[in-house]
Amino acid sequence: MQDGGAATGGPRRSARLGLDYTPGPGHAPGVGRYVRELVRALVRIEGAPELRLVEYGRAPRPMEGAPLGLTGRGVRVAPRRVRVGVPRRWLGGPIPLLGSAVGRISGRGCAVFHRVEPQRPARLHVPHTLSVTELPPAGSSALNALGETARTAAAVVTFSETARARIASELGVALSRVHAVPVGTEHWWRDLGLHEPAPARPSRDVLVLGAVREARMPLAALRAFEALRERAPREPSRLLLVGRPGDAAAAFRSALGASPARDSVRWIEDPDEVRMPACVAGAATLLHFARDEVSPVTPLEARRMGLSVVASALPAFQEVLDGGARWVDPGDPAGVAEALGDALDEGVSAEARRAAERSARPFTWDACARAHLDVWRPML
């Protein structure tokens, strides 16, 4: 379908899909990876719509180039990238005329625009969909803003049935307009060996991924590792944290300085995305604590790389991992240590690692992109 009037002489909207691409080249993990990998898959699908990728602000784009996957083998759709130099802090609508203008630029010629953050831009002049990868705390201004955007969206996309139900109940969105899609997990596997060879054999490292934030309970992870070392003083394991400093960084540094296990703890505060595949592949077990997450992406990423998983017993994790993890209470260091001991033995077993990788293999970015297309096609 092309731009222009229909046979009856009335207006007809293009089959073009607009998408907020800002985090894709701007941020390696989290929503950046989601946007980057979603588009990378879309441009390789026969019959996918024309893409208008809109980027806001003037921030650096450290993932520019090859990591975006917009050129090369298998690309069938050449996307158009549009850069809007308006500072991102202005996109929430403090200047109404500016917000309206940015909205018109963003959705120009599009049948639908996919948001990845609420109210960016404040106004759109075409139907929009919204991805929800996490839910802010109850009663917060962030949750209110998310709810406002979600209730006006033609559809909301999320990564678990748990999230789908909560979005409907907590944000007041009709369940029929909320769609759970599979998350992709093969990015590190795909890139493994492109920059550094995989380790000949995994270490007995306990890996913790993500920013050092209170919601991820890094102090509980340290206490559990201390309990593991106390149970098995000769255990040749390290606690390896890979994530930028967050709101728990100061407390974690203080606790680590006084920890009897401090010599066996390494914190990579500025992760290099190029080295992440080999870093993850070299560990035995993922230890993943969270107070509230509605996306199972981190445990699934680890399983795709062959790691065993010890994690908080959250519904979104249990929904897809089933027997693929050991569920623990972060407030019970001895119980976590016992689970870690068994998980480390599993995580260095070649047979167990192959089984873990196979269990996460169905969760691909291609499947994720096709599920998004199923949501968008009625609007296109």
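Description of the structure in this document. (Residues numbered from 1 in each chain as written. Predicted model: local features only at pLDDT ≥ 70, side-chain atom pairs only at ≥ 80, totals over all residues. Heavy atoms only, no water.)

## Some remarks on the pairing of strand E13 (residues 285-288)
Here E13 shows a buried face lined by Thr285 and Leu287 and a second buried face lined by Leu286 and His288. Here strand E10 (residues 206-209) pairs with E13 via 2 bridges, running parallel. Its bridge partner being in E13, Val206 is matched across the sheet by Thr285. Relative to strand E14 (residues 308-312), E13 is paired through 4 bridges, and the arrangement is parallel. (Buried < 20%, exposed > 50% of the residue type's maximum accessible area, 1.4 Å probe, protein only. Helix = DSSP H or I, 4+ residues; strand = E, 2+ residues; numbered from the N terminus. Pairing = 2+ DSSP bridges.)

## What to know about the side chain of Glu55
Turning to its location among the elements, Glu55 is positioned in strand E4 (residues 51-56). Among the polar contacts made by the side chain of Glu55, one reaches the side chain of Arg81 at a distance of 2.7 Å. Leave out the neighbours within four places in its chain, and Glu55 touches Tyr21, Thr22, Pro25, Arg61, Arg81, Val82, Arg83 and Val84. (Polar contact = N/O pair within 3.5 Å; in protein donor to acceptor, adjacent residues only side chain to side chain. Contact = heavy atoms within 4.5 Å.)

## Some remarks on the packing of aromatic side chains
Under the criterion given, the structure shown has 2 aromatic pairs. Centroid distance Tyr34 to Phe159: 5.4 Å. Interplanar angle 80 degrees. Geometry classified as edge-to-face. Here Tyr34 is found in helix H2 (residues 31-42), whereas its partner Phe159 is found in the loop between strand E8 (155-158) and helix H5 (161-171), with 125 residues between them in sequence. Judged by relative accessible area, which is 8%, Phe159 ranks as buried. Measuring from ring centre to ring centre gives 5.6 Å for Phe252 and Trp267, while their planes differ by 90 degrees; the resulting arrangement is edge-to-face. Taken together, the residues span a long stretch of sequence, with Phe252 in helix H8 (residues 249-257) and Trp267 in strand E12 (residues 265-268) at a distance of 15 residues. (Phe/Tyr/Trp six-rings, centres within 6.5 Å; stacked < 30°, edge-to-face > 60°.)

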